[in-house]
Amino acid sequence: MSEDDMSTEQSRSQQAEPAPAEVHVPGRFGAFGGRYVPEALIPALEELDEARQKALVDPEFIDELATLHRTYTGRPSIITEVPRFAEHAGGARIILKREDLNHTGSHKINNVLAQTLLTKRMGKCRVIAETGAGQHGVATATAAALMGLECTIYMGKVDTERQALNVARMKILGATVVAVEHGSATLKDAINEAMRDWVTNVDHTHYVLGTVTGPHPFPEMVRDFHKIIGEEAREQVLELTGRLPDAVIACVGGGSNAMGIFHRFVTDAGVRLIGVEAGGDGIDTGRHAARFATAEPGVLHGAMSYLMQDAEGQTLETHSISAGLDYPSVGPEHSYLRDSGRAEYRYATDEQVMHAFQLLCRTEGIIPALESAHALAATLDVGKELGPDALLLVNLSGRGDKDMHTAAEWFGLVDKDTDA
Amino acid sequence: MSALEEVFARCKAEGRAALIGYLPVGYPDVEGSLAAMTALAEAGADIVEVGMPYSDPVMDGPVIQRAATEALAKGVHVDDVFRATAAVKDAGAVPVVMSYWNLVLRRGVDRYAADLAASGGAGMITPDLVPEEAGEWHEASERHGLDRIFLVAPSSTTERISVVTHACSGFVYTASTMGVTGTRGSVGSRAPELVARVREATDLPLCVGLGVSNGAQAAEVASFADGVIVGSALVSTLLDRGRDEGLAALRELTAELAEGVRGRA
């Protein structure tokens, strides 16, 4: 019996044991997580925690969400094997989980549909959200339109300029888009402003936080709303190949798509979990968002986690070619998985990312989001490290339509004089 | 008796509420902020809240955000907080620090508490720390004789009020409205009701903040609370003004507020 067969046997005999990453203290993943928020928000967080715990075991909620995913999101999302791309990755067998084919173009819709259903169950009529690249904002605006909720999206002014098309999409869907000009005018400042709105309007407003960060219960709840990615992918890969992958690879900004695909595999000890952060211009330049490469734990936006901060605890500015990974902290469960050794984290620089981006376009006819291209860049290395017998599962978390402007500029496809 | 207990006892004996004024250290620059805090103390503030600018101040509205951003750009440091608390004490008021938690955590909670106590600080207001996350701060504050000031809000349930007031010492920061710092046309109508609810849980002094900007509002709050907290309105007097002009405006507003807390507005 080969090692591969054994791992399959093991995996099939494994029942749903509690994952090692399961929280022991409510809201804590080891030393990480918690609730570092103004007292005014505590009742809303407790209400949300209660509502989501009830919902997760309520057949009506489960059925409603499953129906939406089947008839609206387009789940299950397919998997696609990419042999021509794999030729550049040491000949390893590579399978993509196609979250890019979901309605609105990324994994974000999984969480947003569930949270907006919860919003209605809590009797609230308005949702707010932050957005970086615009994917979470578009998904939230979409779900708000579907459910008849009022919607305001906070977006850093810098991001509204580099993602003007997504701003238009959100407005067309009926959302109010607020360009945040304070601080660095990017994702973290959009979250600050969303939290200020929430503190003020919490009696009728739910904050649809878009990733596995923030105060408890958000990291756990958002993970649970995305874990369907890994549950589907695990079955699909077993069905296609008869075994589990050697590694599961995903990009990590806040880390929701990565937690979504990792979660089901955490108990599969033989499966390596590899998160890929934004290396930006390179670690030495300081212009990056590779938290695990350089940072130490701290508190931002309600949670204790690895955080890019200066010697006094002020948040540092980050850089990435992909707005969605341009964030100074990371979901607390990732910090836990990293420190416990269950998951490993690498980074890919903008240059490596754009190479992988172009390679997937040219070899497979799939245009990935720049965020997801980080996972692809690392996959090229992991494939070479593990050799041709390796089986790699990669979360293609989003599609690249939104990134055409950035890509065209990078590859010199636009005339800079005519393109303002 | 702690410095805060003393000041509330004195105010009570005088039949008035305490005036608590907030200013950020480092705005318009470090020296200017020390001068402003001294002026605030001299003009009638009983307690000066020394705010440390932070890159991500989620509880602050536009005025304090603007001052904090400018102070950070000019290079204010956590060490400057302790210069400010010393200056406030020298000027005859009781200094407390207001700081977002990561700045304390990064320095080391015990080291921060030791430095604060050594510089004459009486305690700390922690806007993004709830008692459940404050174990280390509880120990350090006990060790160094500092007061712990947590917040209650109109959304606080009876259970939350009990948790918060049990963790507090010195006074309880009672947020008048749901929202962030900033001047408002009227102090929230929920404030008197909240104060009444909190009084059932504790004998600690209750100070009301968020939205108070003039003598009349201060007098209104003083009629039902033990202290009146003013922030953005004081910071506004320093914005877009020359240094001397700013200090004069700050003294004038402080004097008006001091009249207010004595019921003379």
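Residues numbered from 1 in each chain as written. Chains lettered and ligands numbered in written order. Predicted model: local features only at pLDDT ≥ 70, side-chain atom pairs only at ≥ 80, totals over all residues. Heavy atoms only, no water.

The name given to chain B in an unreviewed UniProt entry is Tryptophan synthase alpha chain, with the source organism recorded as Janibacter limosus. According to its UniProt record, chain B has this under Function (unreviewed entry): "The alpha subunit is responsible for the aldol cleavage of indoleglycerol phosphate to indole and glyceraldehyde 3-phosphate." Quoted verbatim from the Catalytic activity (unreviewed entry) field of UniProt, the annotation for chain B is "(1S,2R)-1-C-(indol-3-yl)glycerol 3-phosphate + L-serine = D-glyceraldehyde 3-phosphate + L-tryptophan + H2O". (UniProt positions renumbered as here; feature names shortened; annotations may be inferred.)

Enumeration over the complete set of coordinates arrives at 51 salt bridges over all chains. Measuring nitrogen to oxygen at the nearest pair gives 2.7 Å for the salt bridge that ties lysine 402 of chain A to aspartate 403 of chain A. Taken individually, lysine 402 of chain A and aspartate 403 of chain A each receive the classification buried, so the pair is uniform in this respect. Of the charged contacts, one joins arginine 143 of chain B and glutamate 139 of chain B as a salt bridge, the two residues approaching to 3.8 Å between their closest N and O atoms. With arginine 143 of chain B and glutamate 139 of chain B both in helix α7 (residues 135-144) and four residues apart, this pair spans about one turn of that helix. Given the relative accessible area of 51%, arginine 143 of chain B is considered exposed. (Salt bridge = Lys/Arg side-chain N within 4 Å of Asp/Glu carboxyl O. Buried < 20%, exposed > 50% of the residue type's maximum accessible area, 1.4 Å probe, protein only. Helix = DSSP H or I, 4+ residues; strand = E, 2+ residues; numbered from the N terminus.)

A few words now on the confidence of the model for chain B. Scored by pLDDT, chain B has a mean of 96; 100% of the residues are at 70 or more. Scored as a complex, the prediction yields pTM 0.94 and ipTM 0.96. (pLDDT = per-residue confidence, 0-100.)

Attention now goes to helix α8 (residues 158-167) of chain B. Turning to α8 of chain B, its buried residues number three or more, namely Arg160, Ile161, Val164, Thr165 and Ala167 of chain B. Take α8 of chain B and look down its axis: the buried residues cluster within an arc of 160 degrees, on one side only. More than 90 degrees from the buried face of α8 of chain B, the exposed residues found are Thr158, Glu159 and His166 of chain B. Turning to α8 of chain B, the residues buried within the fold contact α2 (42-56) of chain A together with β5 (147-149), β6 (151-152), β7 (172-175) and α9 (190-199) of chain B. (Arc of directions from axis to C-beta. Contact = heavy atoms within 4.5 Å.)

On to the UniProt feature "active site" (unreviewed entry) in chain B, then. All names here are of chain B. Under the UniProt annotation, the feature "active site" (unreviewed entry) is placed at Glu49 and Asp60. Tracing the backbone through its elements, the reader meets glutamate 49 in strand β2 (residues 47-51). What makes glutamate 49 buried here is its relative accessible area of 2%. Setting aside residues no more than four positions away along its own chain, glutamate 49 makes contact with Ile20, Gly21, Tyr22, Leu23, Val96, Met98, Ile125, Tyr173 and Ile229.

Within the largest apolar cluster, 190 residues are counted, with the highest numbers of intra-cluster contacts made by Leu4 and Trp137 of chain B. The residues contacting tryptophan 137 of chain B, other than those within four sequence positions of it, are Trp101, Val109, Ala113, Met124, Thr126, Leu129, Leu146, Asp147, Arg148 and Phe150 of chain B. Judged by nonpolar contacts, the second largest core, of 33 residues, contains Phe85, Ala89, Leu359 and Ala377 of chain A. (Core = buried A, V, L, I, M, F, W, Y, C linked by side-chain atoms within 4.5 Å.)

All right, on to unusual backbone geometry then. Cis geometry is found at the peptide bond from arginine 75 of chain A to proline 76 of chain A, where omega equals -5 degrees. The residue histidine 301 of chain A is not glycine, and still its phi comes out positive at about 50 degrees. Checked against the element boundaries, histidine 301 of chain A lands in the loop between β11 (296-300) and β12 (303-307). Although it is not a glycine, leucine 210 of chain B sits at a positive phi angle of roughly 85 degrees. Along the chain, leucine 210 of chain B falls in the loop between β8 (206-209) and α10 (215-222). On the accessibility criterion, leucine 210 of chain B (7% relative accessible area) is buried.

What follows covers the pairing of β2 of chain B. All names here are of chain B. Most of β2 sits out of view: five of its five residues are buried. A two-sided burial pattern is seen for β2, the buried positions comprising Ile47, Glu49 and Gly51 on one face and Val48 and Val50 on the other. Pairing of strand β1 (residues 18-24) with β2 involves five bridges; the strand directions are parallel. Paired with leucine 23 across the bridge in β2 is valine 50. As for the winding sense of the linkage, the β-α-β connection from β1 through helix α2 (residues 30-42) to β2 is right-handed. Of the strand pairs in this sheet, β2 and strand β3 (residues 94-98) are connected by five bridges, and their pairing is parallel. Each residue of the ladder has a partner; that of glycine 51, found in β3, is methionine 98. (Pairing = 2+ DSSP bridges. Right-handed = clockwise from strand over helix to strand, strands pointing away.)

Confidence in the prediction for chain A averages 92 pLDDT; 93% of positions are at 70 or higher. Predicted confidence for residues 1-23 of chain A stays below pLDDT 50, and this span has 32 contacts to residues more than four positions away or in other chains.

Every contact between the two is made by 35 residues of chain B and, on the other side, 35 residues of chain A. Summed over both sides, the interface between chain B and chain A buries roughly 2800 Å², with carbon and sulfur atoms accounting for 50% of that surface. On the chain B side of the interface with chain A, the three residues burying the most area are Val58, Arg106 and Glu133 of chain B, jointly 23% of the side's total. Where chain B packs against chain A, one counts four salt bridges. For glutamate 39 of chain A, the salt bridge goes to arginine 160 of chain B, with nearest N and O atoms at 2.7 Å. Where chain B touches chain A, the interface holds 22 residue pairs in polar contact (both at pLDDT 80 or more). (Buried area = accessible area lost by both parts, 1.4 Å probe. Polar contact = N/O pair within 3.5 Å; in protein donor to acceptor, adjacent residues only side chain to side chain.)

All names here are of chain B. Taken in spatial order, the nine strands line up as β5-β4-β3-β2-β1-β9-β8-β7-β6 in an open sheet, and their pairing is parallel. What marks the edges here is a single partner per strand, and that holds for β5 and β6. Here β6 pairs with β7 via two bridges, running parallel. Its bridge partner being in β7, valine 152 is matched across the sheet by threonine 174.

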